[in-house]
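What follows is the residue order along each chain.
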Amino acid sequence: MSRMIRALALLVAFGLWSAALTGQPLKQQTNNKDAVTVKVTPLKVEGAVWEFEIVFDTHSQDLSDDLLNAAVLVGPDGSQIKPAGWNGDPPSGHHRKGVLRFNALNPPPDVLELRIARPKEPTQRAFKWTMPRQ
């Protein structure tokens, strides 16, 4: 029985160690401004394509944002990369949700930044995460 407990303890320890090496998932960020809430959750920031869940919510205006033209990832050198695709609700309504895909930044930045320029808003909404060490 004690061998089984030791083996289980080793498996748990390995799992925790492995999770620490690969980093924890990047957390959702929320931006509330001009009666529109935008939530961004990085779903996948590894491999060739990176994915972000985007949620818009308002009760006072139409959400006509064209995310393929309004969103950018900011590269380590300040370059701005347009999305490769959007899989979600079309522009309109008061609630929208979908996944925005980008070709991966290479090399991966230390700080990941996604910006969204909304119609009639003078400044872009910025979402930043510190990337886990690989």
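First things first, this report covers the structure right here in the doc. Note that the coordinates shown come from a computational prediction; the quantities given were computed from them, not determined experimentally.

## Some remarks on the packing of aromatic side chains
Right, on to step 1. In the structure shown here, the tally under the stated rule is 2 aromatic pairs.
Right, on to step 2. For the pair Phe-52 and Phe-102, a centre-to-centre distance of 5.8 Å together with 85 degrees between the ring planes defines the contact as edge-to-face. Of this pair, Phe-52 sits in strand E3 (residues 49-58) while Phe-102 is found in strand E7 (residues 95-103), placing the two residues 50 residues apart along the sequence.
Right, on to step 3. Ring centres of Phe-52 and Trp-129 lie 6.0 Å apart, and the angle between their planes is 40 degrees; on these two criteria the pair is classed as tilted. Pair noted here: Phe-52 is in strand E3 and Trp-129 is in strand E9 (residues 125-130), with a separation of 77 residues, a long-range link. Grouping residues by exposure puts Phe-52 and Trp-129 together as buried.
Right, on to step 4. Among the aromatic side chains, those forming a connected cluster through ring pairs are Phe-52, Phe-102 and Trp-129.

## Description of the side chain of Thr-41
Right, on to step 1. As for its position among the elements, Thr-41 is in strand E2 (residues 36-44).
Right, on to step 2. Look past the residues within four positions of Thr-41 in its chain and what remains in contact with it is Gln-28, Glu-51, Phe-52 and Glu-53.

## Description of the sheet that holds E7
Right, on to step 1. The strand order across the open sheet formed by 5 strands is E1-E2-E3-E7-E6, and the pairing between neighbours is antiparallel. What marks the edges here is a single partner per strand, and that holds for strand E1 (29-33) and strand E6 (85-88). The sheet shows a mean angle of 20 degrees between the axes of neighbouring strands, direction not considered.
Right, on to step 2. As judged from the 5 bridges shared by E1 and E2, these two strands associate in the antiparallel manner. Note that in E2 the partner of Thr-30 across the bridge is Lys-39.

## With respect to unusual backbone geometry
Right, on to step 1. Here Asn-106 and Pro-107 are connected by a cis peptide whose omega angle stands at 5 degrees.
Right, on to step 2. One non-glycine residue, Ala-35, lies in the positive phi region at around 65 degrees.
Right, on to step 3. Structurally, Ala-35 can be placed in the loop between E1 and E2.
Right, on to step 4. Positive phi is not limited to glycine here, since Lys-120 has a value of about 65 degrees.
Right, on to step 5. Structurally, Lys-120 can be placed in the loop between strand E8 (111-116) and E9.
Right, on to step 6. By relative accessible area, Lys-120 is classed as exposed at 86%.

## As for the sheet that holds E9
Right, on to step 1. Taking strand neighbours across the sheet as the criterion, the 4 strands line up as E5-E4-E8-E9 in an open arrangement whose pairing is antiparallel. Lying at the two open borders of the sheet, with one neighbouring strand each, are strand E5 (80-81) and E9.

## Some words on the environment of Ile-116
Right, on to step 1. Relative to the helices and strands, Ile-116 resides in strand E8.
Right, on to step 2. Exposure remark for Ile-116: the relative accessible area of 0% places this residue in the buried category.
Right, on to step 3. Considered as a pair, Ile-116 and Val-72 are 44 residues apart in the sequence and their alpha carbons are 6.7 Å apart.
Right, on to step 4. The residues touching Ile-116, leaving out its near neighbours within four places in the chain, are Val-38, Val-40, Ile-54, Leu-67, Ala-70, Ala-71, Gln-124, Arg-125 and Phe-127.

Conventions we followed
- Residues numbered from 1 in each chain as written.
- Predicted model: local features only at pLDDT ≥ 70, side-chain atom pairs only at ≥ 80, totals over all residues.
- Heavy atoms only, no water.
- Phe/Tyr/Trp six-rings, centres within 6.5 Å; stacked < 30°, edge-to-face > 60°.
- Helix = DSSP H or I, 4+ residues; strand = E, 2+ residues; numbered from the N terminus.
- Buried < 20%, exposed > 50% of the residue type's maximum accessible area, 1.4 Å probe, protein only.
- Contact = heavy atoms within 4.5 Å.
- Pairing = 2+ DSSP bridges.
- Axes fitted to C-alpha atoms, helices over the stretch in contact; angles between N-to-C directions.

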